[in-house]
Amino acid sequence: MRKLVWMVACFLLAHAGAARARDDVVVVLDSGDARITLIDQATRQPIGSFATGKEPHHLMATPDNRDLIVANAVGGDLLLLNPQTGKPIGSVPDIPDPYQIGFSPDHRWFVVNCLRLNRVDIYRYDQGRFLLARRIALKSLPSHMAFTADSKTVYVSLQDTNSVAAIDLPTQTVLWTMKVGDTPAGVWLTPGDKTLLVALTGSDAVVAVDPRTRTIVKRIVTGKAAHNFRSLADGRHVLVSNRVSDTISILDMDTLTKVGDITGLRPGPDDIELSADRRWLWVTFRFARSVGVIDMRTRQLVDVIPVGKSPHGLYFYDRAPFYDNLPPLSTLAHTAAAR
Amino acid sequence: MFTPLDWISHVTNMLVGQAQTWVFVTLVQPVLYHFHWMVDDDFAYDGVLWFLAGLLQIILVYAVLRPLEALRPLEVWPDRRAVRVDVLYTLINRLGLVNLVLFFTLQPVVDGVQAWLRLRGIDNLNLDSLWPGVTDRPLVAFFIYLVVLDFAGYWYHRLQHQIQWWWELHAVHHSQRQLSFWADDRNHLLDVVLQAVFFAALALIIGVPPSQFVALSLLSGALQSLQHANTALSFGWLGERLLVSPRFHRLHHAVGYGHELGHQNNARLYGCNFGVLLPWWDILFRSADFTTALQPTGVRAQLPPPQGQGEDYGAGFWAQQVLGIARMLRRIGGTAASLRISA
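As the structure is a prediction and not an experimental result, all values here were calculated from the model.

So, on to the overall build of chain A. Counting its secondary structure elements, chain A contains two helices and 28 strands. Taken across its 339 residues, chain A has 64% of its residues classed as buried. Contacts in chain A between residues at least 24 apart in sequence constitute 42% of all its contacts with a sequence separation of at least 6. Surface accessibility of chain A: about 12000 Å² in total, with carbon and sulfur atoms responsible for 50%.

Right, dumping it as structure tokens:
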């Protein structure tokens with residue numbers, strides 16, 4: 001019955017002119033409006049907007065790239081979209097407080113950071129089904145996550161306790177936690193899982209942690225309120241957004257140094273996406289109700305597109321590989337299917 | 001394709017959003033960063049919106065209702081000195097000061113309770129998801145939440161009058177004898193906290209989206225300012241039955257008739273016209289009065305003998321707050337003593 005209701009709802013949405021069917025849309029989560037804005041990637045014009053669940057913050061594709069998952073943190077469910085057109089195609093109920101979500105590289109685990117509820121919920125992912133394995137209470141404000149390439153460990157930043165936790169996925173237990181600095185947010189593993197980078201939103205730096213010795217090996221000054229990472233997909237550089245200085249810093253993962261800044265941005269740069277040709281960098285401006293497009297040849301902001309309140313996550317299908325320590329999800333899915 | 005609602009939303013976003021961004025980035029964010037409070041930057045950004053929306057609401061309400069009170073007053077007063085304290089109440093309430101205090105004191109508790117419930121499989125109701133595609137449309141959802149919250153508000157208000165110690169707090173609101181559009185926010189701070197906790201919890205349980213909660217609060221605040229306005233404004237026979245009018249609400253404030261515990265001297269037991277925005281609940285539960293002629297407002301005990309006891313309810317903000325607590329404690333003490341006697 002529930003499925004039928006959803007099919008009807010999706011049909012209504014699809015035929016209400018809410019979302020035009022295109023295969024090159026940019027999906028932007030307006031977390032403060034509980035809506036999604038769709039942008040034509042070619043013309044960079046908004047082409048539609050529709051209600052999602054309450055407080056959608058983050059989104060990611062399923063391992064087989066068939067569905068785009070929008071996590072409604074307050075709504076307590078996942079909305080599934082067609083990743084190419086942005087059209088709603090279903091939902092997954094009863095996923096409490098999905099603030100940040102992630103699949104382990106082997107696709108066995110689906111991890112949910114429940115920011116408000118101070119928990120990390122770990123689900124077994126089985127051909128599109130989410131089976132709760134364990135809820136782990138973690139104080140407090142678990143926000144971002146990064147997986148090791150072997151899918152054995154997930155690192156979670158704990159914003160309110162200024163620490164990072166390492167969770168063993170096979171046993172779903174906390175291996176350790178360590179203090180890293182003021183209000184840690186984005187976490188990032190360099191190639192070979194050698195170094196864990198942690199962006200400090202309460203500070204102006206990214207700290208480099210050796211996860212084996214649990215020591216901070218370097219503090220890299222980036223900009224005020226370092227927040228979130230995105231690979232430049234060249235195996236060497238990673239970007240980090242700085243929410244107060246309104247810049248994006250480019251870090252060299254080999255030397256652990258800052259090698260450049262993208263400046264002149266709007267307030268609150270947050271989530272970042274890179275086009276498949278590495279030319280265009282899209283970024284949500286959390287405190288400016290807009291999304292920006294940066295030309296990576298000139299490192300200049302060339303377009304600003306108005307969207308809703310507190311835009312957070314954004315996604316488009318034809319993008320550069322996201323992670324530095326993992327192969328692209330589509331490749332992983334292909335390998336998994338072949339196995 | 002964009003709907004007209006989308007365009008309205010985008011234009012509003014542009015105007016409000018630019019002001020919100022400027023205030024946040026220029027005045028608030030540097031303070032948060034300096035004092036290592038960045039963990040609350042999302043909340044602060046939302047708080048700026050509350051502040052700006054409250055400020056805009058005060059300006060608009062003043063621009064519309066003050067001329068109306070001047071041109072068509074219901075009561076003519078020698079001066080408006082007694083009204084000044086209500087301006088302070090309005091600024092405290094509508095500029096988000098109360099929300100700020102509540103966030104830091106109660107939000108962790110609310111989150112903790114919610115986490116505990118979720119762990120036991122007890123979920124929010126999320127009324128707007130009852131019929132996907134219909135009830136989750138913004139206007140439909142807005143109307144559903146408005147009606148549900150208003151229904152709860154009706155019974156909440158009735159209890160404020162019926163429970164004796166609570167009435168002594170609520171009497172701060174009723175003690176204004178020069179009822180003007182500023183009077184809506186004249187409430188005892190403890191009463192404000194109780195009310196905020198109740199409605200925030202209810203909103204959370206039934207799943208009011210944060211953006212709609214702002215809109216609902218703004219609409220409710222503006223209409224309640226209108227209800228208290230000192231103006232001879234008629235909504236007509238039908239209008240009075242659809243929306244609480246100044247006339248309807250003024251009767252609720254009538255001395256010894258609309259609200260008091262006592263039921264002597266033709267007073268109605270526990271009063272009449274409790275509706276917050278919609279008079280429907282008063283009609284349904286037989287507490288509506290559309291016919292009685294308007295009377296002076298205030299609390300009977302304030303009046304000099306023999307009509308009242310000449311009780312002081314305070315002229316200034318702090319006096320009203322302290323006296324409210326004193327009356328509440330006296331009432332609780334009296335109730336306890338009478339219980340001991342009867343035992």
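This next bit is on unusual backbone geometry. A cis amide bond links lysine 139 of chain A with the next residue in sequence, serine 140 of chain A, at an omega value of -20 degrees. Tracing the chain through its elements places serine 140 of chain A in the loop between β11 (129-137) and β12 (142-147). A cis amide bond links proline 305 of chain B to the next residue, proline 306 of chain B, at an omega of 10 degrees. Structurally, proline 306 of chain B can be placed in the loop between α11 (280-284) and α12 (317-342). Phi at serine 310 of chain A takes a positive value of approximately 50 degrees, unusual for a residue other than glycine.

Attention now goes to the packing of helix α6 (residues 164-174) of chain B against helix α7 (residues 189-206) of chain B. In a packed pair of helices, the relevant descriptors are the angle between the two axes and the axis-to-axis distance. All names here are of chain B. As a packed pair, α6 and α7 sit with axes 8 Å apart at the nearest point and diverge in direction by 110 degrees. Relative to α7, the element α6 is oriented roughly perpendicular. The two elements α6 and α7 cross, and the hand of that crossing is left-handed. Contacts between α6 and α7 involve Trp165, Trp166, Leu169 and His170 from the first element and Leu190, Asp191 and Leu194 from the second. Classifying every residue of the contact of α6 with α7 gives five nonpolar, one polar and one charged.

A few words now on the side chain of threonine 90 of chain B. All names here are of chain B. Position of threonine 90 among the secondary structure elements: in helix α3 (residues 84-94). With a relative accessible area of 4%, threonine 90 lands in the buried category. Here aspartate 86 takes part through its backbone oxygen, which lies 2.8 Å from a polar atom of the side chain of threonine 90.

Analysis parameters
Residues numbered from 1 in each chain as written. Chains lettered and ligands numbered in written order. Predicted model: local features only at pLDDT ≥ 70, side-chain atom pairs only at ≥ 80, totals over all residues. Heavy atoms only, no water. Helix = DSSP H or I, 4+ residues; strand = E, 2+ residues; numbered from the N terminus. Buried < 20%, exposed > 50% of the residue type's maximum accessible area, 1.4 Å probe, protein only. Contact = heavy atoms within 4.5 Å. Areas by Shrake-Rupley, 256 points an atom, 1.4 Å probe, with all protein chains shown as cover. Axes fitted to C-alpha atoms, helices over the stretch in contact; angles between N-to-C directions. Parallel < 35°, antiparallel > 145°, perpendicular 65-115°, else oblique. Left-handed = near helix turned anticlockwise from the far one by under 90°. Nonpolar A, V, L, I, M, F, W, Y, C, P; charged D, E, K, R; others polar. Polar contact = N/O pair within 3.5 Å; in protein donor to acceptor, adjacent residues only side chain to side chain.

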